Amino acid sequence: MKGWSPARRPTDGELPAARPAPPRGAPLPSLSEQMKVALLDDDQSHNTLVASVLDPAGFTCTSFTQPSRLLAELRKQTFDLIILDWNMPELSGVETLKLLREDPATAPPVLLLTSRSVEADLVAGLNAGADDYIVKPLQPQVLLARVNAVVRRIHRPPVQPQTEQHGQYRLDPGAQTASWGGHVEALTPKEFQLASLLFNNLSRPLSREYLLRRIWGQRPDLETRTLDAHVSRLRAKLHLRPSNGFRLSTVYGFGYRLEACDPETAEATNAVGGD
């Protein structure tokens, strides 16, 4: 497109160069600077065009030219948004969407790029699971506006701190406490953020990198054992076990997942195991 002179971009899951760590005392990065976007188009030049719009706005883009490579990478890391093209030879964008939506708990929001402008085609894309669509040729301002609209929808901050109810657990952001079954447990700010993030992504595996980025920001110097220690303390403090309706488990080589459990089934299983 006229006016765009993109540089060479990494492709098929090759990570872009890491941004330098911010100096001590610097303000926290904006939400966009904490968001990772996966770009899927069999034409790498199209990925490069999209990245040339999103990179200056602070998003971190990773390009893929094959749906199979993206689907494989989703088992290794967590993306906040996927932008994919409709017409691809291996799998169409709609077919890829359907595979992504087979497990709605793990799939991030998806923007569909298409040269189709017939209403029936656009409706088909939305029905397949797209959160929004953009009709080609791409206009940078429209692309950025649509991406920001999705970001606002999935990360809309509450007007005022509101309590969250998850099963028997109640999270109070004002008091920074978690309560359940007559118990009240005070949490540190990071522990509370971690608890809220896990409960609001129930059953979704979240990578260590994603959790570190969302809670601690862009801190490449931060060790993963910091996260592991917080998870361990949170599991102990909130007694996150099946008998209380939730299991906080490690996803080997990836990160963590909080799942809802049936307490009665858990008790029955424990009773059998104790015989």
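Throughout what follows, the structure given in this document is the object of discussion.

Each value, and the rule that gives it
Residues numbered from 1 in each chain as written. Predicted model: local features only at pLDDT ≥ 70, side-chain atom pairs only at ≥ 80, totals over all residues. Heavy atoms only, no water. Helix = DSSP H or I, 4+ residues; strand = E, 2+ residues; numbered from the N terminus. Buried < 20%, exposed > 50% of the residue type's maximum accessible area, 1.4 Å probe, protein only. Contact = heavy atoms within 4.5 Å. Areas by Shrake-Rupley, 256 points an atom, 1.4 Å probe, with all protein chains shown as cover. Pairing = 2+ DSSP bridges. 1 Å grid on protein atoms, 1.4 Å probe; cavity = no way out; pocket = protein on both sides within 12 Å on 5 of 7 lines; lining within 4 Å. Points joined across faces, edges and corners; volume = space filled by probe spheres on them. Nonpolar A, V, L, I, M, F, W, Y, C, P; charged D, E, K, R; others polar. Phe/Tyr/Trp six-rings, centres within 6.5 Å; stacked < 30°, edge-to-face > 60°. Salt bridge = Lys/Arg side-chain N within 4 Å of Asp/Glu carboxyl O.

Another aspect to go through is the overall build of the protein chain. A tally of regular secondary structure across the protein chain gives nine helices and twelve strands. The proportion of buried residues among the 275 residues of the protein chain is 43%. By sequence separation, contacts in the protein chain at least 24 residues apart represent 60% of the contacts at least 6 residues apart. Here the protein chain has roughly 14,300 Å² of accessible surface; of this, 52% comes from carbon and sulfur atoms.

Right, let's talk about unusual backbone geometry for a bit. The general pattern is negative phi for most residues beyond glycine and trans for most peptide bonds. Cis geometry marks the peptide bond from Lys136 to Pro137, where omega comes out at 0 degrees. Tracing the chain through its elements places Pro137 in the loop between strand S5 (132–135) and helix H5 (140–154). In the Ramachandran plot, Gln176 falls in the positive-phi region, its phi being about 55 degrees despite a non-glycine side chain. Here Gln176 is to be found in the loop between strand S7 (169–172) and strand S8 (177–180). A residue is classified by how much of its surface remains accessible, and Gln176, at 23% relative accessible area, is partly exposed. Within the chain, His239 stands out as a residue other than glycine whose phi angle is a positive 50 degrees. Structurally, His239 can be placed in the loop between helix H8 (224–238) and strand S11 (246–251). For His239, a relative accessible area of 32% translates into the label partly exposed.

A separate point is the pairing of strand S12 (residues 255–260). Remark: a regular strand shows side chains that alternate across the two faces of the sheet. The sheet contact formed by strand S10 (residues 206–207) and S12 spans two bridges and is antiparallel. Among the inter-strand pairings, Leu206 is bridged to a residue of S12, identified as Tyr256. Summarising the sheet, S11 and S12 pair through six bridges and their orientation is antiparallel. Looking at S12, one finds that Arg247 is bridged to Glu259. The loop that links S11 with its antiparallel partner S12 comprises three residues; one of these, Gly253, has a positive phi angle of about 75 degrees.

Turning our eyes to something else, we now look at the sheet that holds S11. The three strands lie next to each other as S10-S12-S11, forming an open sheet whose pairing is antiparallel. Looking at which strands have only one partner, the edges of the open sheet turn out to be S10 and S11.

Turning our attention to empty space enclosed by the protein. In total, this model carries one cavity of 30 Å³ or more according to the counting rule given. In this structure, the largest cavity spans a volume of roughly 30 Å³. If you go around the largest cavity, the residues you meet are Leu39, Leu40, Asp41, His46, Asn47, Val50, Ile83 and Leu113. Only strand S1 (36–40) and helix H1 (44–54) provide two or more residues apiece to the lining of the largest cavity. Sort the elements by how many residues they give to the lining of the largest cavity and H1 lands first, with three residues. Class assignment for the residues of the lining of the largest cavity results in five nonpolar, two polar and one charged.

For the rest of this paragraph, the subject is the packing of aromatic side chains. In this structure the tally under the stated criterion is five aromatic pairs. Measuring from ring centre to ring centre gives 6.1 Å for Phe64 and Phe79, while their planes differ by 85 degrees; the resulting arrangement is edge-to-face. Pair noted here: Phe64 is in strand S2 (residues 60–64) and Phe79 is in the loop between helix H2 (67–73) and strand S3 (81–85), with a separation of 15 residues, a long-range link. We classify Phe64 as buried; its relative accessible area is 0%.

Here we come to the pattern of salt bridges. Using the criterion set out here, one finds ten salt bridges in the structure. Residues Lys136 and Asp41 are paired through a salt bridge, measuring 3.9 Å at the closest nitrogen-oxygen approach. Of the two residues, Lys136 is situated in the loop between S5 and H5 and Asp41 in the loop between S1 and H1; the sequence distance between them amounts to 95 residues. Note that Arg213 is salt-bridged to Glu209, the shortest N-O span being 3.0 Å. Of this pair, Arg213 and Glu209 both sit in helix H7 (residues 208–216), separated by four residues, roughly a single helical turn.

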